[in-house]
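Observations on the model geometry
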Amino acid sequence: MKKCNLKYILVEKQQINKFKSSYETSLNYDTFTVEHNDLVLFRLHWKNVEVSLMLNNSIRRETYEKEKMTKSVNSENSSKEKSEEHMDVRLKHCLAYVLHTSGTTGIPKIVRVPHACIVPNIQHFRVLFEITQEDVLFLASPLTFDPSVVEIFVALSSGASLLIVPTSVKVLPSKLAAVLFTHHRVTILQATPTLLRRFGSQLIKSTVLSTNTSLRVLALGGEAFPSLTVLKSWRGIGNKTQIFNVYGITEVSSWATFYRIPEKILNSTLKCDLPVQLGFPLLGTVVEVKDTNGFTVQEGNGQVFLGGRNRVCFLDDEMTVPLGTMRATGDFVTIKDGEIFFLGRKDSQIKRHGKRLNIELVQQVAEGLQQVESCAVTWYNQEKLILFMVSKNDLVKDYIFKELQKHLPSHAIPDELVLIDSLPFTSHGKIDVSELNKIYLNSINLKSECKLNGKEELWEKLHHLWKSVLSLSEDPLKVPDESLFLNSGGDSLKSVRLLNEIENLVGTSVPGLLEIILSSSILEIYNHILQTVFPDEDLTFSKNYATKRKSSDVNQEETSGKSLHQESVMPLNCDNEINAFIALSRGSQILSLHTTRFLTKLEHCPSAYSSDLISQTNIQNMKSLNPPALIGKSKDMSCVAKVSEEETSVMGAEKMEFHVRWRSDTGKCVDASPLLVIPAVDKSSATVYIGSHSHRMIAVDLYSGKVKWEQILGDRIESSACVSKCGNFIVVGCYNGLVYILKSNSGEKYWMFTTNDAVKSSATVDPTTGLFYIGSHDQHAYALDIYKKKCVWKLKCGGTVFSSPCLSLIPYHLYFATLGGLLLAINPATGRRVWKHSCGKPLFSSPRCCLQYICIGCVDGNFLCFTHFGEQIWQFSTNEPIFSSPCTSASEQEIFFGSHDCFIYCCSVKGHLQWKFETTSRVYSTPFAFHNHNRGNEVLLAAASTDGKLWILESKSGELQSVYQLPGEVFSSPVVWESMLIIGCRNNYVYCLDLLGGNQR
């Protein structure tokens, strides 16, 4: 407008306030009332000051004019600006400061901030907050958090006072409130909502936002803005503090938008559930909203992009950045009538019970409850929704759950409620999620130590939980003994909550309880719990339970219309049906059976045998495998194959690309990892076996993607399949507590073995005996002889077995890990424990063994290495929990694993870091090392992050070779054969992708 020397402008009456607030720093005006269609005419007088165009709400998501601010704008300078297409970090006096982002809202980055980027923030806030020499600003942010720069220089450039308070005072809310608002009379406070919440609603109302408070301006940013209902409840009667919502990202340091909450809304007595809009761009800032295809959004949902001609920072190794660069924020918003409303961060969007959920919505609803002082919500281990709450008074958890059920859909109701004294926060004033997770772990441990006083107390508390979960009135009359849960208003989600509450009450898992809740009376539920909590000395519980479980499963399959294949009376004679094959599974585990002539360069048999299959990085790129040389059946020989290799790093190798060969729809999320079986006689008939949350187990042709067979099991499948020694069967665990043995060529059920709880562990086969070893949530390890259809031994492990066992042939040890933090070494022949080591925290990672050592990751962020005799040799620390299982190189000199800190690590066998690679999300899956099909001597590493990205790295250097984005989250681990990568995805599909070199694209 200034460039074209605009003199007059017509403004709709309803937009006048927005117009004035947007342009008051740039121009003076005269007003003429025009009685025509409610329009008002303004005559403009431009001020001779720095000018930047502001976003008018009536101008939606268009490209905004940007000009460099200067006191005298002339044509010479304008032409000079146009020629300056890039900002260069090497120019003298370019940078104002450098900082490192915390990573709480994304991947940590180094951000170098030019003067030209941050100065407009300081200038605008001085005008917006009307700062004078009389003002006192509190330095609420640490120097590592870029809002501190705004706080410091807004104060110093205005001649105002800057109050700096020791950390020891900051952590004491009542003392801090007295220092700020009684002793020093702070007038301007810029803070995160978490920092404000720490004062508590009573102190906020009586001091911070009281009637006579010294605070003129409160600007809240850095996190989702509190709901208007909560905000109004914090204000004392007659409070006049101006309250702003400010929004921005460090990558476009520091703030980008502002919105002042209108007085009439703050003073209104009506309940207001509307969210607070992000408002208007700050000086020099451009705000755009784009959809997933990169198109500008006019109405509806999209991701925020921030920038501006000079609002540009240098990230990590950037040396030059084009002027006007727009940065993706990872924040999602919705546009309604030209106003932008915050929905949540990308990493706050979760999939729960098959539906999308923004966990910040749960927090806002909970915070709006009258009894809640403050709260936070976490998605613990990506499987439990935990609500942490600071209460105003003594409250009953049941009441909170009832209130939440009134305002939230069923899939948004938290799994657990944890009462805490105060919310932990980071040095930047944001919620400390890692600390909350530690609090939750401690609460679990404390509950497990609590003991019931007797059977009568259990009966009483079971009644109480029953009424609470079903939202029944607290009637003094007892629940009838014959009451059925589903007939009393229960459903599957409520049954899981009742299960969790009961197990929290008794301090241990109760095997088979969920099935009892869904099918039996409250009295039968009580009796079932008694068997676990107050067992009789000679109680043969597991046998009775197993019988009941089997008949239940048969009935379910018959009533669902699925035909059961008739089980063989006699076990198969495997001597007559031995197949030569190679099997691959997660973590570069390769099992070669009956293939002496198949692996022509085989040198020796290793001692390490891990999880599903053998630790092995390479099968000579298949050049040494000569299927035509195999004639007929091989001898009945088992050899755990280890192929020699030359690991030579090829630096500067040509980058690879992904191409989808096929994908197969399983109906629901695929968290299991693929098992790939390649017959020696005809490798073109290679088959992928994988299960899904849809209860389906499928066999898919590797090369064509055609489904060979499909079998419906009794419940969700997260266990990865394992192939039998003879090759005729695959074994897989299931959520219904069964271990299924299926015929590999047809999917027909050959045998089903019953445990007493969910089986998420993947089986491992002993190539010397043919036995299968597997763990269960019932805290037992099992050795199964599938040919005789019997359990050879079982061992109580002292904790839930989630991960997969690992077998070493020399020494002959079997390793199990538990969620109780125990690593166990077991004699595979007898089932007797050889040694155990307590790691102190749950072990979700599967152990991995090699010739000399056994290693495993822990949720405390440590990666541990032991000798085969239980002596800990070294540990390597990451910043977040490790759920990823280790993968070793063929030479067993390198160990690869991922962490929730978003890094993929490579350590030497001595525990020294070789390299680490930063991904864009947590790494849950297990890496897979393999030879480049196009460059035989180059060893690559495939890995996946939970945001759906597949990463191909050079294994010696960690250099990125290629990355590919799948359309869903990924918890499955990749398996690579030749130039094909197979992996499951939470968008319900199994994918097979071709890895193409430059000459194949």
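Residues numbered from 1 in each chain as written. Predicted model: local features only at pLDDT ≥ 70, side-chain atom pairs only at ≥ 80, totals over all residues. Heavy atoms only, no water.

Regarding the overall build of the protein
Scanning the protein for helices and strands turns up 18 helices and 61 strands. Counting every position in the protein, which comprises 1001 residues, the buried fraction comes to 59%. When contacts within the protein are restricted to residue pairs at least 6 apart in sequence, those whose partners lie at least 24 apart make up 58%. As presented, the protein carries roughly 41,200 Å² of accessible surface, and 51% of it is formed by carbon and sulfur atoms. (Helix = DSSP H or I, 4+ residues; strand = E, 2+ residues; numbered from the N terminus. Buried < 20%, exposed > 50% of the residue type's maximum accessible area, 1.4 Å probe, protein only. Contact = heavy atoms within 4.5 Å. Areas by Shrake-Rupley, 256 points an atom, 1.4 Å probe, with all protein chains shown as cover.)

A short note on the sheet that holds strand β16 (residues 314–315)
Pairing is antiparallel in the open sheet, where 3 strands are placed in the order β5-β6-β16. The two strands at the open ends of the sheet, each matched to only one other strand, are β5 (95–100) and β16. Pairing between strand β6 (residues 110–114) and β16: 2 bridges, direction antiparallel. Of the residues in β16, the one forming a bridge with Arg-112 is Phe-314. (Pairing = 2+ DSSP bridges.)

As for the pairing of strand β56 (residues 939–944)
Counting buried residues along β56, 6 of its 6 residues qualify, which places the element largely inside the surrounding structure. Taking every second residue as pointing to the same face, both faces of β56 are buried, with Val-939, Leu-941 and Ala-943 on one and Leu-940, Ala-942 and Ala-944 on the other. In the sheet, strand β55 (residues 928–931) pairs with β56 via 4 bridges, with the strands oriented antiparallel. Bridged to His-931 within β56 is Val-939.

Some details on the pattern of salt bridges
Enumeration according to the criterion identifies 19 salt bridges in this entry. Its salt-bridge partner being Arg-986, residue Asp-671 comes within 2.8 Å of it at the nearest N-O pair. In this pair, Asp-671 is assigned in the loop between β30 (657–665) and β31 (675–679) and Arg-986 in the loop between β60 (980–984) and β61 (989–996), connecting sequence segments 315 residues apart. The same class applies to Asp-671 as to Arg-986, namely buried. Between Lys-683 and Glu-978 there is a salt bridge, with its nearest N and O atoms 2.5 Å apart. Of the two residues, Lys-683 is situated in the loop between β31 and β32 (687–691) and Glu-978 in the loop between β59 (975–977) and β60; the sequence distance between them amounts to 295 residues. On the basis of relative accessibility, which here comes to 16%, the residue Glu-978 falls in the buried class. The network of salt bridges with common partners includes Asp-671, Glu-969 and Arg-986. (Salt bridge = Lys/Arg side-chain N within 4 Å of Asp/Glu carboxyl O.)

Side note on the packing of helix α14 (residues 455–469) against helix α17 (residues 522–533)
Viewed as axis vectors pointing N to C, α14 and α17 meet at an angle of 135°, and their least axial separation amounts to 11 Å. Relative to α17, the element α14 lies oblique. Classified by chirality, the crossing of α17 by α14 is right-handed. Between α14, through Lys-455, Leu-458, Trp-459, Leu-462, His-463 and Trp-466, and α17, the contact on the second element is made entirely by Ile-522, Leu-523, Ile-525, Tyr-526, Ile-529 and Leu-530. Class assignment for the residues of the contact of α14 with α17 results in 10 nonpolar, 1 polar and 1 charged. (Axes fitted to C-alpha atoms, helices over the stretch in contact; angles between N-to-C directions. Parallel < 35°, antiparallel > 145°, perpendicular 65-115°, else oblique. Left-handed = near helix turned anticlockwise from the far one by under 90°. Nonpolar A, V, L, I, M, F, W, Y, C, P; charged D, E, K, R; others polar.)

Here we look at the nonpolar core
Grouped together as the largest cluster of nonpolar side chains are 61 residues, with contacts concentrated most on Phe-125, Phe-129, Leu-180 and Ile-261. Discounting chain neighbours no more than four positions away, the residues touching Phe-129 are Ile-188, Arg-216, Val-217, Ala-219 and Phe-244. (Core = buried A, V, L, I, M, F, W, Y, C linked by side-chain atoms within 4.5 Å.)

Quick look at empty space enclosed by the protein
All chains considered together, the criterion is met by 7 cavities of 30 Å³ or more. The computed volume of the second largest cavity comes to approximately 70 Å³. Around the second largest cavity, the lining residues are Phe-125, Phe-129, Leu-137, Phe-138, Val-150, Glu-151, Val-154, Ile-188, Leu-189 and Gln-190. Mapped by element, the contributors of at least two residues to the lining of the second largest cavity are β7 (136–138), α4 (147–158) and β9 (188–191). (1 Å grid on protein atoms, 1.4 Å probe; cavity = no way out; pocket = protein on both sides within 12 Å on 5 of 7 lines; lining within 4 Å. Points joined across faces, edges and corners; volume = space filled by probe spheres on them.)

What to know about a nonpolar patch on the surface
Together, Leu-486, Val-496, Leu-514 and Leu-518 make up a nonpolar patch on the protein surface, roughly 270 Å² of accessible area in all. The residue Val-496 is located in helix α15 (residues 492–506) in this model. (Patch = residues over 30% accessible without salt bridge, like charges linked within 9 Å, V, L, I, M, F, W, Y side chains within 5 Å.)

Digging into the pairing of β61
β61 sits mainly inside the fold: 8 of its 8 residues count as buried. Side chains Tyr-989, Tyr-991, Leu-993 and Leu-995 project from β61 onto one buried face, and the interleaved Val-990, Cys-992, Asp-994 and Leu-996 project onto a second face that is buried too. Where β30 lies against β61, 8 bridges are found, and the strand directions are antiparallel. For Phe-658, the partnering residue across the bridge sits in β61 and is Leu-995. Pairing of β60 with β61 involves 5 bridges; the strand directions are antiparallel. By the bridge assignment, Leu-981 is partnered in β61 with Leu-993.

Focus on the state of the cysteines
Overall, the coordinates contain 0 disulfides when judged by the stated rule. Distance from the sulfur of Cys-855, which forms no disulfide, to the nearest cysteine sulfur (Cys-865) is 5.7 Å. Of the residues examined, Cys-855 reaches a relative accessible area of 2% and is grouped as buried. (Disulfide = S-S within 2.5 Å.)

Notes on the environment of Phe-844
Relative to the helices and strands, Phe-844 is located in the loop between β46 (833–838) and β47 (848–849). Separated by 12 residues in sequence, Phe-844 and Ile-856 have C-alpha atoms that sit 9.1 Å apart. Residues in contact with Phe-844, not counting those within four places in the same chain, are Asn-381, Phe-802, Ser-803, Leu-819, Val-859 and Phe-883.

Observations concerning α4
The periodicity of an α-helix, 3.6 residues per turn, causes residues three or four places apart in sequence to face the same way. With 12 residues, α4 extends 17 Å between its outermost C-alpha atoms, agreeing within 8% with the 16 Å of an ideal straight helix rising 1.5 Å per residue. Most of α4 is tucked away: 9 of the 12 residues are buried. Pro-147, Ser-148, Val-149, Val-150, Glu-151, Ile-152, Val-154, Ala-155 and Ser-158 are the residues of α4 that are buried. In the core, the buried residues of α4 are packed alongside β5, α3 (115–128), β7, β8 (161–163) and β9. Looking at the residues trailing α4, positive phi occurs at Gly-159, about 75°. (Expected span 1.5 Å × (residues − 1).)

Regarding the packing of α3 against α4
Taken N-terminus to C-terminus, the directions of α3 and α4 make an angle of 60°; their axes are 9 Å apart at the nearest point. Relative to α4, α3 is oriented oblique. The handedness of the crossing between α3 and α4 is right-handed. Residues Ile-118, Asn-121, Ile-122, Phe-125 and Arg-126 of α3 touch α4, and the partners they reach there are Val-149, Val-150, Phe-153, Val-154, Ser-157 and Ser-158.

Considerations on the packing of aromatic side chains
Within the structure shown, the criterion is met by 28 aromatic pairs. On the basis of an interplanar angle of 70° and a centroid distance of 4.8 Å, the ring pair of Tyr-380 and Tyr-440 is categorised as edge-to-face. With Tyr-380 in strand β22 (residues 372–380) and Tyr-440 in helix α13 (residues 433–449), the pair connects residues that are 60 residues apart, well separated along the chain. Both residues of the pair, Tyr-380 and Tyr-440, count as buried. Arranged with centres 6.3 Å apart and planes meeting at 40°, the rings of Phe-896 and Trp-915 form a pair that is tilted. Taken together, the positions of Phe-896 in strand β52 (residues 894–898) and Trp-915 in strand β54 (residues 913–918) put the pair 19 residues apart, joining distant regions of the chain. (Phe/Tyr/Trp six-rings, centres within 6.5 Å; stacked < 30°, edge-to-face > 60°.)

Digging into unusual backbone geometry
Between Ser-253 and the following residue, Ser-254, the backbone shows a cis peptide bond with an omega angle of 0°. Along the chain, Ile-810 connects to Pro-811 via a cis peptide bond; the corresponding omega equals -5°. Here Pro-811 shows up in the loop between β43 (806–808) and β44 (813–817). Phi is positive for Glu-130, which is not a glycine, with a value near 55°. A relative accessible area of 54% means that Glu-130 is categorised as exposed. Non-glycine residue Ser-588 carries a positive phi angle of around 60°. Summarising the element assignment, Ser-588 is placed in the loop between β25 (581–585) and β26 (589–593). Accessibility expressed as a relative area gives 0% for Ser-588, which makes it buried.

What about the sheet that holds strand β18 (residues 327–336)?
Spatial ordering of the open sheet is given by β14-β15-β18-β19, a layout of 4 strands whose pairing is antiparallel. Since the sheet does not close on itself, it has two edges, and those belong to β14 (286–290) and β19 (339–345), each with one partner. Along the sheet, successive strands turn relative to each other by an average axial angle of 45°, direction set aside. Note: strand β15 (residues 300–307) against β18, 6 bridges, orientation antiparallel. Note on β18: the bridge partner recorded for Gly-302 is Val-333.

Just distances and angles here, no functional claims.
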